[in-house]
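Residue strings, one per chain:
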Amino acid sequence: MFIEVLNSITNFNEASVELIENGLKCLHLPEVFLEPTAESIILIPFLFVIFVFIEIFENYFSERIEHFSRYSAKYGAIIGALLASIPQCGFSVIATMLYVERFITLGTLIAVYLATSDEAIPVLLMYPDKFPVILPVIAIKVGIAIVVGHLIDLIIKPELKKAPEKIEIDETGCCHNKIQSQVQNLLIHPLKHTFNIFLFILLINCVLGYSLTMASGGITALFTANKYLQVIMASFVGLIPNCAISVLVVMLYIKSALSFGALISGLSTNAGLGILILFKNNESIKDSLRIVCILLVTSIVVGFLIQLFNFTI
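We now turn to the structure provided with this report. Given the structure is predicted, the values throughout are model-derived calculations rather than measurements. (Residues numbered from 1 in each chain as written. Predicted model: local features only at pLDDT ≥ 70, side-chain atom pairs only at ≥ 80, totals over all residues. Heavy atoms only, no water.)

## Here's the deal with the packing of aromatic side chains
Thinking step 1. Applying the stated criterion across every chain yields a total of two aromatic pairs.
Thinking step 2. For the ring pair Tyr-228 and Phe-304, a centre distance of 5.1 Å and an interplane angle of 85° mean the geometry is edge-to-face. Linking Tyr-228 in helix α12 (residues 227-238) with Phe-304 in helix α16 (residues 285-308), this pair joins segments that are 76 residues apart in sequence.
Thinking step 3. Its relative accessible area of 29% is what places Phe-304 among the partly exposed residues. (Phe/Tyr/Trp six-rings, centres within 6.5 Å; stacked < 30°, edge-to-face > 60°. Helix = DSSP H or I, 4+ residues; strand = E, 2+ residues; numbered from the N terminus. Buried < 20%, exposed > 50% of the residue type's maximum accessible area, 1.4 Å probe, protein only.)

Printed below as a string of structure tokens:
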């Protein structure tokens, strides 16, 4: 039954892409850009619906985030990893500000960063043939986050401040929306987010489509020539604090230019705007660099292990 539904969605998407392609021909776009543009346009309504649901979740948890810090010392890694696995663009920022004020532990922050999925899951949801990848990606990232976060808190004993009754987060998300926003943003932010991600996907689709066509697979060969090198490259690229990066990593995987191990590595270091806010607000540069090193080492090691055992979906 589930396979039939996936096939129906795939057939509908293919028919819709073909229809849009025919419509785009009147704009005299180069042939190489027709299919990538059509594939991107067809995603717009799906992206908007997903981001509306994500916004509802994000607002729900933001309004209750003061409770999170009270359990950080004992259960922070578990709670942080589970909350961060929900696709959103604000929780890593919230966790960063809580850490800077020492309301949550280092292990909790690392768990949030490692588990953050940002735009990865919404983009994967746009491709029915990639549905089987979604749960393993979430499970692996959450599992790594909980284990590493808990180990860090066992090794580095946390010294936390007492959490206040109400915590105010004066930061903005990826679309410059207030993290703890009001209900009126439940449509405005999803619209802006849909437009931004659509542009990212359109740009990446066109660049990849052109590159793969012109190079006759040379780009793919470049990425796949050394499966361990691509894990390292993806891990460093993932550190760039922008939601476009998670889109780039996922699109490279969808186009078979990245392995599953490199996908996990790139998404594990990508903590949205969290790292940018960390360097902006954390008084200790040494501490911020230590956090980045932990993310890099963890992501590279996990990616190497996945490559070593040829684990793929």
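## Quick word on the environment of Ile-291
Thinking step 1. Residue placement: Ile-291 occurs in helix α16.
Thinking step 2. For Ile-291, a relative accessible area of 0% translates into the label buried.
Thinking step 3. Residues Ile-291 and Ile-110, 181 residues apart in the sequence, show an inter-C-alpha distance of 7.2 Å.
Thinking step 4. Apart from the residues within four sequence positions on either side, Ile-291 is in contact with Tyr-99, Leu-106, Leu-109, Ile-110, Tyr-113 and Leu-278. (Contact = heavy atoms within 4.5 Å.)

## Observations concerning the pattern of salt bridges
Thinking step 1. All chains considered together, the criterion is met by two salt bridges.
Thinking step 2. Between Arg-290 and Asp-287 there is a salt bridge whose closest N-O contact spans 2.6 Å. In this pair, Arg-290 and Asp-287 are both assigned in helix α16, three residues apart and thus about one turn of the helix distant.
Thinking step 3. Classification of Arg-290 by relative accessible area gives partly exposed; the value is 36%.
Thinking step 4. Relative accessible area serves as the criterion here: at 7%, Asp-287 is assigned to the buried category. (Salt bridge = Lys/Arg side-chain N within 4 Å of Asp/Glu carboxyl O.)

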